[in-house]
Structures are given as C-alpha cells and as structure tokens.
Amino acid sequence: MSFDKERLETKLIHASTRGFTEQRTGAVNVPIYLSSTYHQDSFDEYGRFDYSRSGNPTRLALEETIAELEGGARGLAFASGMSAISSAFMLLSAGDHVLVSEDVYGGTYRFITEMLNKFHIDYSFVNMTDLAEVAASVRPNTKVIYIETPSNPCLNITDVEGVVKIAKANGCLTFLDNTFMTPLYQNPIQLGVDVVLHSATKFLSGHSDIIAGLAVTRTEELGEKLAFIQNTFGSILGAQDSYQLIQGIKTLGTRLNQSTASAQKLAAHLAGHPLVEEVFYPGLVYHAGHSIHRRQTKGDGAVLSFRLPNRETAKAFVDNTKLPVFAVSLGAVESILSYPAKMSHAAMPKEEREKRGITDGLLRISVGLEHIDDLIADFSTALQAAEKIQLQTTGVSN
Ligand SMILES: *Cc1c(COP(=O)(O)O)cnc(C)c1O
C-alpha cells in the first residue's frame, strides 16, 4: 500500500524540501541563503540565480511549496499580503474595470479606493454572495472579479464556481483572497480561480511573528506576468522570513485542524448563550452560506464573530477575558480577540459599518491552540461580566 500523494497534511511537511534536500549536507531544512548576488561561472551564460530581488533559493523553495499546495503553475512570495494583492492588481491596465466583494479586507479596500484611480482603473463593489447582482454588474471593460470567502468579519460566503462561471462567460479573470481558509481547506484553482492570494502573516506562518504574502497563478503565463511585476516593484519576501514561513507551513495542518475543532465548540457555546445575539461561523447549519461553504471547502476554519448587545457589553467582555490577546490580526497559536468597529473597520463611517453588520457590539475571535475547555471557561466568565453590565444599563434586575 502506498501513501496518498495528494493528501495536504503530508504535502505540508515535505513540499519545501522534497526537491531541495541540501545536496551536499543532507540538511532536512531549506538553508537560508543570505546572498544578494551570485557568482557566474561563464562569461556570457548565467545560472539560475543572479540577484536576489529576481530570485533567491530559499524564497524559491517557499514559492514552489505554495504553488504545489494550491495546485497552481507558479507561486510568488511577497513582503506582505498587501504587496501580493496590490501587485496582482497591477496585472490590470488603464481603462480596465474590476468588480470587488463589498466586504473585502480593509487594506484591500484602501488600495482599491485610494490607488486604482491613479492608474485610471475603474472599480465597483458588489454583494458577491448574490450571483445575479454580480452578473448584472459586469461591464464590457471588466477584466477581474475579486473574491474573498469567507469574508471579514461576518464570514459571508461566496459561491466561487458561480462567480468563476460569470467571469469566464465575460472573459474576465478571477482573483481570490484565500487567507482565512489556506490551501488546507480551500483550493480556489480547482474551482477555476486564476490568481490565489494570501496574507501569509496569518494561518500559514501561524505564530504572529512575520509579515508575508503569497500569490499563486493558475497558468505559467500569468505567473510570468506577475513575476515581472514583482521583480519590477521589488516587494519580495526576504530569505529569513521565507525560511520562517516554510517552517510555519509544515505545522499548518495540525494547527488549523485543532483550532477549527475548537472554533466549532466555541461557536456552539456562544450560540447557546442568552447575551449573544448572533454568531457568524460557516460551520453553523443556520449560517446563510453554510451549504455553499461545505460544498467548496474541506473545513470551516478558526475565525468566528459574535454580536453582543452594544459597545458597553463588548467592552466588559474584552476587559474580562484573560486568555486571548486583544489585537488586530488572526491565524496564530494564541487566540486573538478583535473589535472590528475600532480595528479593521475604524475608517468606515458608522452607517456604512452597520449596513455591513459591523455594529458596536460585534467581536471577532481567531481561535488558537489553547485547550478549548480553558477558552470556554474564560469566555463564560467574560460573558457573565458583560451580562452584569447589561443588567445595570437596561435597569432590569434579577
Ligand atoms: C491580513 C489580511 C490581508 C493583508 O495582509 P498583510 O500581510 O497584513 O499585508 C489581506 N487579506 C486578508 C483576508 C487579511 O486577513
């Protein structure tokens, strides 16, 4: 009996070193090549590497790893998720139009609304969960449809194959930000997506240490174009961070599977609590996108949001939790509790925020690797404190 060559958990461990095990020493880890330039043996025929902006062996091992995990032709490692995303938008030209999920990541929203007009690239935001609206919003000059699923912070689910079908019918490319799912749970290229983007700062590296971004293209041709943009703009990931990300990827399977199992339990616990008005998690059967999510992914992920009645109860909750760090970001070994109204969506006017369900009582939790019983106990204590505040402010006593 031979092993399953397609099983992601196993690929995660060996993909980076399989083609690379140090020829001379047998080292089991990819060496960190701290070399900006490379000696050329021949006068007029140069080797695979010449200058590390254009290519570095450690970064290449990472790029080949993510390409293999996503099942794409070419992987590229960038200085941040935002540099991967903004570089992908540079595949567009003046006069083009792009359709974007209305609940796209805040940094992506800023790039689109503040930068694209400088290049005379037009954009419109759509409710990507509504395929009829997507189809109706395509213009003759639409060249890209940009998807994020699940989205932040309300975990809205886009039907990826549905959008790809609309894109193909109209001769557009599709880009997908796969940060929340990672290739372990969602393989957008298999669903027909052309460019997969990652903030590798999150689950892929997994330890709240480095800032990194990755892109994977479906075709070699798109990969060549994006590599040209990367080399021209110069926003590459350094060799040391590339090494660290390779190491993070090796434990992704164990980390994300464990955190997802905990997130399921935490979501169920929160959903059963009287003070919690709503829980947003694609693993809950009553989540609006549950069945689509289950059809196109292999896991529900480790991020969920929940709504408390108001700002005061949210504050009491945060003040009384002891385990999660209270911070922006997600996807780490420690649980990370965020307050979207003042963190990821602070720049958005209150009215716009609330239209998107981001009320003053909404909290987001990225579940880490603490024991789930400890997390639930910590959350129960914090919810009790929030209940007390709620009783005081509503004047209802028991
Ligand atoms: C964090 C994040 C980004 C941006 O990535 P950086 O590494 O912070 O530049 C993009 N998309 C999503 C969904 C994110 O969570």
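Numbers given to residues run from 1 along each chain, matching the order in which its sequence is written. Under the rules for a predicted model, residues below a pLDDT of 70 receive no local features and side-chain atom pairs below 80 are neither given nor counted, while totals for whole chains, interfaces and linings still include all residues. The basis for every side-chain value is the complete set of non-hydrogen atoms in the structure, without hydrogens or water.

1. A word on the overall build of the protein chain
Secondary structure elements follow DSSP: runs of H or I of four or more residues count as helices, runs of E of two or more count as strands, with numbering from the N terminus. Assigned secondary structure in the protein chain consists of 14 helices and twelve strands. In this description the radius of gyration comes from C-alpha coordinates, and the expected globular size is given by 2.2 Å times residues to the power 0.38. Its C-alpha radius of gyration of 22 Å places the protein chain within 12% of the 21 Å reference for a compact globule of 398 residues. Its C-alpha atoms give the protein chain principal-axis dimensions of about 85 × 55 × 40 Å. Buried residues are those whose accessible area, probed at 1.4 Å on protein chains only, stays under 20% of the maximum for their type, while exposed residues exceed 50% and partly exposed ones sit between those limits. Within the protein chain, buried positions represent 55% of all 398 residues. Across the protein chain, contacts joining residues at least 24 apart in sequence account for 70% of those joining residues at least 6 apart. Of the accessible surface of the protein chain, which amounts to about 17,700 Å², a share of 53% is contributed by carbon and sulfur atoms. Only heavy atoms matter for contacts: two residues are in contact if any of them lie within 4.5 Å across the pair. The protein chains shown are the only cover counted for residues, whose accessible areas, like all others here, come from Shrake-Rupley with a 1.4 Å probe.

2. So, helix H3 (residues 81–89)
Of all nine residues that make up H3, eight are buried, and the element is covered over most of its length. What H3 keeps buried is the set Gly81, Ser83, Ala84, Ile85, Ser86, Ser87, Ala88 and Phe89.

3. Things to note about the site of the ligand
We call a residue near a molecule or strand as soon as one heavy atom of that residue lies within 4 Å of the molecule or strand. The ligand sits among Ser80, Gly81, Met82, Ile85, Tyr105, Glu148, Asp177, Thr179, Ser199, Thr201, Lys202 and Ala212. Within the side chain of Ser199, an N or O atom sits 2.9 Å from an oxygen atom of the ligand. Lys202 places a side-chain nitrogen or oxygen 2.7 Å from an oxygen atom of the ligand. For the ligand, whose unbound accessible area comes to 380 Å², protein coverage reaches 92%. Among the elements that make up the shell around the ligand, the one with the highest residue count is H3 (three residues). Here a polar contact is taken to be a pair of N or O atoms separated by no more than 3.5 Å, where protein atoms must pair a possible hydrogen donor with a possible acceptor and residues adjacent in sequence count only if both atoms sit in side chains.

4. Regarding the domain arrangement of the protein chain
Note that domain bounds follow an automatic or database assignment of domains. Annotation of the protein chain at the domain level lists domain 1 (3–250) and domain 2 (252–394). For domain 1 and domain 2, the distance between their C-alpha centroids amounts to 27 Å. At the interface, 32 residues of domain 1 touch 39 residues of domain 2. The residue Arg295 makes a salt bridge to Asp159 at a minimum N-O spacing of 3.2 Å. Taken together, domain 1 and domain 2 are joined by 20 residue pairs in polar contact (both at pLDDT 80 or more). Looking at the side of domain 1 that touches domain 2, the elements with two or more residues in it are helix H1 (8–18), helix H6 (160–169), helix H7 (182–185) and helix H9 (239–250). Side-chain classes are defined by residue name, with Ala, Val, Leu, Ile, Met, Phe, Trp, Tyr, Cys and Pro counting as nonpolar, Asp, Glu, Lys and Arg as charged, and the others, Gly among them, as polar. Grouping the amino acids of the side of domain 1 that touches domain 2 by side-chain chemistry returns 15 nonpolar, eleven polar and six charged. Only one rule defines a salt bridge in this text: a Lys or Arg side-chain nitrogen within 4 Å of an Asp or Glu carboxyl oxygen.

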